[in-house]
Structure formats: C-alpha cells, structure tokens
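Remarks on the overall topology
Spelled out, the chains give:
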Amino acid sequence: MTSDNRPVAPTLSRRNFLHRMVRRESAIGWLFVLPALVMYAVFVLQPLVLTVKYSFYKWNGVSPATWVGLKNYVTIFQVPDLIGTIYNAFWLVVWFSFIPVGLGLVVSSVIHRVATGRLGAIARTVLFLPQVIPLVAAGIIWGWLLALPGLINQLLKAVGLGAITRAWLGDFQWALSAVGMIGIWVLLGFCTVLLLTGMTKIDPALYESARLDGASWFREFLAITVPLLRNEIGVCLTVTVIAALAAFDIVYVATAGGPGNATSVPGIQIYVLAFAQRAVGLASALAVMLMILVVVVIIPIQWLSREETR
Amino acid sequence: MRVARGELWAGRLLLLALMAFTILPFISIFVTALHPSGTVPNGLEWPAVPQWGNFAEAFKVADMPALLLSSTFIVLAVVPLSLVISTMAGFAIGLLRIPGARWLLFLFVFGLTLPFPGIIIPIYLLERAAGIYNTRLAIVLPLIGLYMPFAVFWMRAHFVNMPGEISDAARVDGASTWDMFWSIHVPLARAPIASLGILMSIWTWNQFLLALVLVEDPTQRTMAGALGAFQGHYATDIPLLCAGTILILVPTLVLFILFQRQIITALLQGSVKG
C-alpha cells in the first residue's frame, strides 16, 4: 500500500504494529496535505477552471454573460492585433531565451577557467544583480537608457553611429527588439552563472585529453561542454522561455505594449482586454491559449534535456 | 589545468565587459538621479551641482516608510505560512507516501509552469465578490496558493530522500506523526526550508501583476507594485523617477549583498529543481 519500499520489520508482531500505524498515519497524512491543497485549489485550480469557462462566454464582468462557444478563440485568430501578441511572444523568445542561453554558453566556457578566486566570486554577485531586483525596476531603468537622451544613444554617438540613434522604445520597428534587450540584461547573468556552476562539475581530464588530441576550442565546446551541460541548458531554456512567453512586468513598465501594438504580448493584452476594455471572455480565451502555449513549448524542452538523466 | 596567457586575458576581459554591461545601467540612473528635478540630462553625465536632495524628495513623495511597512507585512504574511503548509504537504507526499501521493504530486507539478496572467481575471472577480479587493489580503492569499506547486515540489524533493528508518524508530517509540514531523523532520529540513524562504521572500517583494490588478492603493502594495505606481506619477520627471527607483531598490540591494551566497545558491537550486 503505502510504504512498500521501506525495509520490512523483522518480527510479525512488530510488522502488524507498524501496519496499523501506517494505516492510521495515512489518514493523518492527508490532514498534512490539506492546508496546501486547499490554498492551491481555491486560488489556482478554481481560477484555472473559471478562466476556461469564461473563455466560452461574451461577458463584461458585470451583466449576464452569453454563451458563444468557440467564437472568442476564432476572434483571436482573426484579429491581427490579438494573434500578433503570440507572434511577438515568440520574437521575445529569441531575445529572452536563445541569445542569453547561447551567449551564456560561449561566455561561461571562455571565463570558466579564469573565473576562480576573487574575480570569479565578484563576477557571480554582479552578474546576479538583475535577477534579484524587481522586473519593474529593470523596465524603468532601461526605459531611461533606451530613451532619446539615454545612455545607449550616447554610446552610439560616441562610436560614430549617431545616425541610427532614436527613441528605441517608441519606434514601431525597433521597440520589440529593444524590449528584448532588457530581457538579455536580466537573464544573461543568470544563464552564465548557472552554466558556469554546471561546468565546474565537468571532469577537467576530459578537456586535458581533448587538448592532447589537438582539439580546437570550438570542437571542445561542441563535443564536451554542450553535451555535458544538457541539464543546465534545459533549465536555462525552461526558465527563459517562460519568462518570454509570460512576460508582463518589463513590457508593461517599458512600453505598455506600444507604440500601437508593436510590443503587445499575451500578458499585456489579457490585462488590457479584461481590465480596460471589459472583454472578459475574449481575455480569458487568450489566457487559455497562453497557458497551453507555455506547456506545449516547455514539454519538449524538458523531454530533450532530461531524457538521459532520468 | 594549464591555461594559455592569451586565453586567460581574453577570459578576464570578457568577464569585465559583461560586468560593465550589468553595472552601467545602475550607474546611469544613479548619476541621472543627481540632476535637478524636472530636467532631462544625458544618460551618463555628472551634474554641475549634484542634487542629493532628490533622494529626500523621492523618499517623501513615495512615502517610503509606508511602502516598506506594507511590503514587509505582505512578506511576513505570505512566507511563514507558505513554508509551514508546504513543508507539511511535502512531508506527507515524500516521506509518509500517503495513498494517492503520486496523484497529488502530479496535481501540484501541473501548476509549476502556470503563467500568472493566465488566472488573474477570475482571481480579481472572486476577490471583488469576497470583498477583499484593494486590501493586502488580496495579494497575500492568492500568492500563497500560487507558491504551492513550487514549494510542495521543493519540500517533497527533500523528504523523498530522507531514509524511512528515522521515522520507523521514532514510531516504535510511540511518537505521534506530528511529533515526528515537528521534532525530527523539520529540524533536519532546515536548509531546504531556508532556501525556499529566501526564494519566496524575493518573489513576494518583487511581485507586480497581483499588486497592479488587485490593489489600487500603493501603500497597500508590494515594493514592485509601489514602484509601478511611482513610475505612473513621475514618468516625466526623470531625475526624481531615478531617485525613487534607487530608493526602492536599496533594501533589496542591501539584503542581497549581505546574504549573496545564500541568495544565489537558492536561486540556482530553485531553477534547477523547478
């Protein structure tokens, strides 16, 4: 029943005794789970079911709702501004996920030999800074850096690229990539430190022998570093992909989805639809799509990165 | 391992460049915060006369003491309770292996990837109906629920690796399940409980969406929520906005510098296990 894989007690009487205890214990055990389960059920599972339910209605949140079936979902696919938020979310994945993980891999493999001692310890702390501050602060800081008189344009002018300076977050063509830039700042350090920690667990003898065989840095990187960091890469991808698809704080503070809908992502659009336009049904349908999207994207990543270790 | 000189310097240079990329934004807002209120300076420009008074001004208009109190209250309401109930659940699922444990674990893990925007609408409507909208409770209660998937998963990972013999011995001695839990297993689980506490405190302090949607009054919000409100009011006064942002960051930065080892370890472990 419950404790099959525990060592079986030697004598019969003791076993019976334990068995009785175990049965009573399972009833008490459920009492142990109950508070967590209740909080989870009331504040997560119930809203989850309600979101799905709302998504089938046309409702302003106050007056009676009308059943519309799948119409809200159809609307999302038909209205460019709505389905566009999903495209934008995927474009953010490139910035929030692929670049920090890819760059993080290269950077950490280059610094992993010199990142010991004092410099390494300081670097770990510094690179982790953006991870502990609120994303709202990251949005405000970068909102200023990317503004017309901000640091980014100042640096561009300093290196003779004054011609391309602009208000990055207000530019239809560049705003989304500028938001992506904020994602790199927040997530690059995290990925680098996580991958670096993984690298210290790789046996140095592997590199030593690769070197004796005359392997280049790049071959070493592809043949040893990447395969052995499979797990850590999977973790980085999972964390960053969720950060991109479910992005809200950074975008809300930096651009609020603008200019136009250039940086609107599902999280922002759900907020606007539900709380500004009172289209609860439509917002809920988008919320359901966002939740499905996250699961559909995360499962293959988990599957690929853990298949050997499980 | 032998490392070539050139490689050593390339590595150090890259590391320094990356650190500069991380730090420069902070320096930029710090310098900007010292410019006269209402002006629009350059991104990185030392002011003619540093206006240290901006910090005092931001402290006053943002009502910092009230914000600190509110955030601290929310953290204290969320974290200890979440720790107790998730440790209990992790203990029952991982160590007691109650009937249905696998099913329960699956139910909790299912919530791990759930994006907050996905369920914010019903939470808002339910709280309006329950009359707790615009109170700190409106943030506290859903946060505890939202932390459960990760927290239970985390604590279960600890308890599932504890040898059963410890409890068997205590059980024969006639200890009740609660005694066993409280006086044997909780002390043994101090390390994972501490890490989980750090993680949940940071997440709570930095929680924005729930504060934005569920609470209008900034002095009833989390720090991140209050910062959002501050930006809404002072978006055009850049030096003051920068000063306010720095003030709101100070508690986080001080704690981070004091407990950097524990915080970094917790965040890394947290992502690996999650």
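What counts as what
- Each chain has its residues counted from 1, running along the sequence as written.
- For naming, the first written chain is A and the first written ligand is 1, with later ones following in the order written.
- Whole-chain, interface and lining totals are the exception, using all residues; otherwise, since this is a predicted model, local features are given only for residues with pLDDT of at least 70 and side-chain atom pairs are given and counted only at 80 or more.
- Helix numbers and strand numbers start at the N terminus; a helix is a DSSP run of H or I with at least 4 residues, a strand a run of E with at least 2.
- Two things to know: the radius of gyration comes from C-alpha atoms, and the globule rule equals 2.2 Å times the number of residues to the power 0.38.
- With C-beta atoms placed from the backbone, a residue is labelled by how many other C-beta atoms lie within 10 Å of its own: buried for 20 or more, exposed for 12 or fewer, partly exposed between the two.
- Remark: residues whose backbone-derived C-beta atoms lie within 7 Å of one another are considered to be in contact.
- Throughout, an axis means a line fitted to C-alpha atoms (over the contacting stretch in the case of helices), and angles, computed between N-to-C directions, take values from 0 to 180 degrees.
- The hand of a helix crossing depends on one turn: near helix anticlockwise from the far one by less than a right angle means left-handed, and clockwise means right-handed.
- The residue classification treats Ala, Val, Leu, Ile, Met, Phe, Trp, Tyr, Cys and Pro as nonpolar and Asp, Glu, Lys and Arg as charged. All others, Gly included, are polar.
- Expected span of a helix, by definition, is 1.5 Å for each gap between consecutive residues, and there is one gap fewer than residues.
- Note on definitions: a nonpolar core is a set of buried residues drawn from Ala, Val, Leu, Ile, Met, Phe, Trp, Tyr and Cys, linked by C-beta atoms within 7 Å.
- A residue's pLDDT is simply how confident the predictor is in it, with values from 0 to 100.

In this section: the overall build of chain B. Regarding its fold elements, chain B presents 13 helices and 0 strands. Going from N to C terminus, chain B has its helices and strands arranged as α-α-α-α-α-α-α-α-α-α-α-α-α. Against the compact-globule benchmark of 19 Å for 274 residues, chain B has a radius of gyration of 23 Å, which places it well outside the compact range. Taking the principal axes of the C-alpha coordinates as reference, chain B spans close to 75 × 65 × 30 Å.

On a plain count of helices and strands, chain A comes out with 13 helices and 2 strands. The buried share of chain A, taken over its 310 residues, is 46%. Long-range contacts, defined here as pairs at least 24 residues apart, represent 73% of the contacts in chain A between residues at least 6 apart.

Attention now moves to the packing of helix α3 (residues 64–96) of chain B against helix α9 (residues 190–205) of chain B. Residue and element names in this part refer to chain B. Close contact between α3 and α9 brings their axes to 9 Å; oriented N to C, the two are set at 145°. Crossing geometry of α3 relative to α9 is assigned as right-handed. Side by side, α3 and α9 meet where S71, I74, V75, V78, V79, S82, L83 and T87 of the first sit next to I193, L196, G197, M200, S201, T204 and W205 of the second. Considering only residue class, the contact of α3 with α9 consists of 9 nonpolar, 6 polar and no charged.

Turning next to the interface of chain B and chain A. In this assembly, 80 residues from chain B lie in contact with 87 residues from chain A. Looking at which element gives the most residues to the side of chain B that touches chain A, the answer is helix α1 (residues 5–33) of chain B, with 15 residues. In the side of chain B that touches chain A, the residues fall into 57 nonpolar, 20 polar and 3 charged.

Look at the link from G258(A) to P259(A): it is a cis peptide, with omega at -5°. Along the polypeptide, P259(A) turns up in the loop between α11 (249–254) and α12 (266–275). The backbone of D63(B) sits at a positive phi, close to 55°, despite the residue not being glycine. Considering the arrangement of structural elements, one finds D63(B) in the loop between α2 (53–61) and α3. Phi at N134(B) is positive, roughly 65°, even though this residue is not glycine. Checked against the element boundaries, N134(B) lands in the loop between α5 (120–130) and α6 (137–159). Among the residues examined, N134(B) registers 14 C-beta atoms within 10 Å and is labelled partly exposed.

For helix α4 (residues 117–132) of chain A, which comprises 16 residues, the first-to-last C-alpha distance of 23 Å matches the rise-based estimate of 22 Å (1.5 Å per residue) to within 8%. Among the residues of α4(A), those classed as buried are A123(A), L127(A), F128(A), L129(A), P130(A) and Q131(A).

What follows is about the nonpolar core. Counting 186 residues, the largest nonpolar core has A36(A), A138(A), L245(A), A283(A), L286(A) and A89(B) as its most contacted members. Residue contributions to this core peak at 18 residues, all from helix α7 (residues 175–199) of chain A. Leave out the neighbours within four places in its chain, and A138(A) touches P130(A), I133(A), I182(A), W185(A), V186(A) and I250(A).

So, on to the packing of α3(B) against α6(B). Packed helix pairs are specified by the crossing angle of their axes together with the interaxial distance, meaning the distance between the axes. All names here are of chain B. Between α3 and α6, the shortest axis-to-axis distance is 7 Å and the interhelical angle comes to 35°. As for the relative orientation of α3 and α6, their crossing is right-handed in sense. Of the residues assigned to the contact of α3 with α6, the class counts are 18 nonpolar, 6 polar and 1 charged.

With that settled, the discussion passes to the confidence of the model for chain B. For residues with low pLDDT, the predicted coordinates do not support detailed interpretation. Confidence in the prediction for chain B averages 89 pLDDT; 98% of positions are at 70 or higher. Here the predicted complex carries an ipTM of 0.90, next to a pTM of 0.88.

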